Amino acid sequence: MALRTYHSIYPQLGAGCYVDESSIIVGDVILEDDASIWPLVAARGDVNKIRIGQRSNVQDGSVLHVTRKSPQNPDGFPLIIGDDVTVGHKCMLHGCTLGNRILVGMGAIIMDGVVVEDDVFIGAGTLVPPNKRLESGYLYVGNPMQKKRPLNASERAFLKQSAVNYVNLKNEYLSQG
Ligand SMILES: CC(C)(COP(=O)(O)OP(=O)(O)OC[C@H]1O[C@@H](n2cnc3c(N)ncnc32)[C@H](O)[C@@H]1OP(=O)(O)O)[C@@H](O)C(=O)NCCC(=O)NCCS
């Protein structure tokens, strides 16, 4: 069973969501319409909340977690993912906020308090240290990350196309029952 209760809070799924049965989604997690969760993802909304926007996809082996509220940090660090976001294979997203139309490359690590603005491409294997802000329209790569260059038109278009591709793919999976 992919969905589990924590402190009486059960994950909520919008219309048309796909969750692979090998993934584990716990507690205060909301998936908006047409979001998809692929094999072996762990999304643990226990000490704070996780939100995943419309048409966003979280690919195989990724780990999503959050940081608890404390006197020093009253909101803690929830994990907020916007619309049309692609999270590639084996990413680690911890207590960060992602806008819309973002691609997080395979194996990237994004740490607490990071804010990624809309329309950003994060290369495979990038480490984004705590509390950084990634500016809209740029490619970031490296460990620690470097702001590499502005995105070109085809890369910008691909951010949205990647989400469309995954909506189509999850629809195929859903139609097989
Ligand atoms: C970063 C990326 C977009 C390529 O960008 P690019 O500017 O076209 O890069 P190029 O292939 O022209 O390479 C330019 C340089 O960056 C390096 N580079 C490429 N990808 C890199 C990465 N992820 N991290 C660090 N350096 C990278 C190349 O080795 C090259 O270095 P060099 O100039 O010393 O030879 C691509 O490599 C990438 O990481 N895509 C993510 C794919 C992914 O994970 N998709 C999700 C899975 S579905």
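Let me sum up the structure you'll find in this document. (Residues numbered from 1 in each chain as written. Predicted model: local features only at pLDDT ≥ 70, side-chain atom pairs only at ≥ 80, totals over all residues.)

### What to know about the pairing of strand S6 (residues 42–52)
Argument step 1. Examined bridge by bridge, strand S4 (residues 24–31) and S6 share seven bridges and lie parallel to one another. The residue of S6 that forms the bridge with Leu 31 is Ile 52.
Argument step 2. With two bridges joining them, S6 and strand S8 (residues 63–65) adopt parallel strand pairing. Within the sheet, the bridge partner assigned to Ala 43 lies in S8 and is Leu 64.
Argument step 3. Across three bridges, the pairing between S6 and strand S9 (residues 79–81) is parallel. Note on S9: the bridge partner recorded for Arg 51 is Ile 80. (Pairing = 2+ DSSP bridges. Helix = DSSP H or I, 4+ residues; strand = E, 2+ residues; numbered from the N terminus.)

### Some thoughts on the environment of Ile 110
Argument step 1. Turning to its location among the elements, Ile 110 is positioned in strand S14 (residues 109–110).
Argument step 2. Ile 110 sits twelve residues away from Ile 122 along the chain, and the two C-alpha atoms are 9.8 Å apart.
Argument step 3. With residues near it in sequence (within four places) discarded, Ile 110 still touches Leu 93, His 94, Cys 96, Val 104 and Val 128. (Contact = placed C-beta atoms within 7 Å.)

### Description of the environment of Ile 52
Argument step 1. Inspection of the secondary structure puts Ile 52 in strand S6.
Argument step 2. Look at Ile 52 and you get buried, because 30 C-beta atoms sit within 10 Å.
Argument step 3. Each C-alpha atom of the pair Ile 52 and Ala 35 lies 7.1 Å from the other, and the pair is 17 residues apart in sequence.
Argument step 4. If we ignore the near neighbours within four places in the chain, the residues touching Ile 52 are Leu 31, Glu 32, Ala 35, Val 58 and Ile 81. (Buried ≥ 20, exposed ≤ 12 C-beta atoms within 10 Å, placed from the backbone.)

### Focus on the sheet that holds strand S19 (residues 138–141)
Argument step 1. In spatial order, the strands read S3-S5-S7-S10-S13-S16-S19-S20; together these eight strands make up an open sheet with mixed pairing. Where the open sheet ends on each side, the last strands, each with one partner, are strand S3 (18–19) and strand S20 (146–150).
Argument step 2. Of the strand pairs in this sheet, S19 and S20 are connected by four bridges, and their pairing is antiparallel. Across the sheet, the residue bridging to Tyr 138 is Pro 150, located in S20.

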